[in-house]
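# Residue-level structural notes
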Amino acid sequence: MRKPVTLLILATVTLTGCATVSESRFNPLNWFGSSQPDPSAMNPADAEVNPLIPARRLSLFQNNQPEAFAGRPIAEITELLVERRPGGAIIRATGQANRVGPFDVRLITDETDDDPTTLVLDLKALQQAGPRNVGPQARQVTVARWITDQELRAVRTITVRGANNARTVRR
């Protein structure tokens, strides 16, 4: 009975002493101090560049020219839904590609349309060369895009176009 009690007291004293070790130099986690900013390591030319923005995106902001999307139109639009949300709407389009392997699917605004009451979007995707004789589920793509209330203020008709057809929703 003496040995277990002695071991229990010894273990308790050892564990309570760990609280002071956590702040001491014996703790390996404290060997390196907390980080400090080092202004001498910064390049003065990079001082105005936000390091959290990737270089590709940064060039977009500096040139104010969006890069052209190289996607091709999806063959057929099968579904178009506009879901109202506070602050805007979510436009969700589903389409069938003519072959397997579409990726990076986007709803691209058609800038050539001059009618302010109509929002025309093209459903495009990058596509790999793949077989055409597979089921429709393997070729199906869905994409959504958020549109704010300010963008929807004058819009009465939303049209999503594919290569072979288009779908329209009206208010």
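Our subject is the structure listed above.
What you see as residue numbers is a count from 1 along each chain, following the sequence as written. Selection of residues for local features in this predicted model requires a pLDDT of at least 70, selection of side-chain atom pairs for listing and counting requires 80 or more, and totals for whole chains, interfaces and linings are taken over all residues. Excluding hydrogens and water, the side-chain values take into account all heavy atoms of the structure.

### Re the overall build of the protein chain
Helix numbers and strand numbers start at the N terminus; a helix is a DSSP run of H or I with at least 4 residues, a strand a run of E with at least 2. Counting its regular elements, the protein chain contains 4 helices and 8 strands. In this scheme, a residue with accessible area under 20% of its type's maximum is buried, one over 50% is exposed, and one in between is partly exposed, where area comes from a 1.4 Å probe on protein chains only. Residues counted as buried form 24% of the 171 residues belonging to the protein chain. Surface exposure here means Shrake-Rupley accessible area, sampled with a 1.4 Å probe, where a residue is shielded only by the protein chains that are shown. Per element, the accessible surface of the protein chain, about 12,800 Å² overall, is 56% carbon and sulfur.

### Some points on the sheet that holds strand E3 (residues 88–96)
Taking strand neighbours across the sheet as the criterion, the 3 strands line up as E2-E3-E6 in an open arrangement whose pairing is antiparallel. Taken across any chain shown, the strands that pair with only one partner, and hence form the sheet edges, are strand E2 (76–85) and strand E6 (140–148). Geometrically, the sheet is characterised by an average inter-axis angle of 15° between neighbouring strands, direction not taken into account. Two strands qualify as a pair provided that DSSP identifies no fewer than 2 bridges between them. For E2 and E3, the ladder comprises 9 bridges, and the chain directions are antiparallel. Bridge assignment links leucine 81 to a residue of E3, and that residue is arginine 92. Axis angles are defined between N-to-C directions and span 0 to 180 degrees, where every axis is a line fitted to C-alpha atoms and, for a helix, only to the segment in contact.

### So, the pattern of salt bridges
We define a salt bridge as a side-chain nitrogen of Lys or Arg found within 4 Å of a carboxyl oxygen belonging to Asp or Glu. In this structure the tally under the stated criterion is 6 salt bridges. Note that arginine 84 is salt-bridged to aspartate 149, the shortest N-O span being 3.5 Å. Of the two residues, arginine 84 sits in strand E2 while aspartate 149 sits in helix H4 (residues 149–152), which places them 65 residues apart along the sequence. Aspartate 149 gets classed as partly exposed once you look at its relative accessible area, which sits at 31%. With a closest N to O distance of 2.8 Å, arginine 161 and aspartate 122 form a salt bridge. Taken as a pair, arginine 161 in strand E7 (residues 157–161) and aspartate 122 in strand E5 (residues 118–127) lie far apart in primary sequence, 39 residues in all. Within the structure, one salt-bridge network assembled from shared partners comprises Glu83, Arg85 and Arg92.

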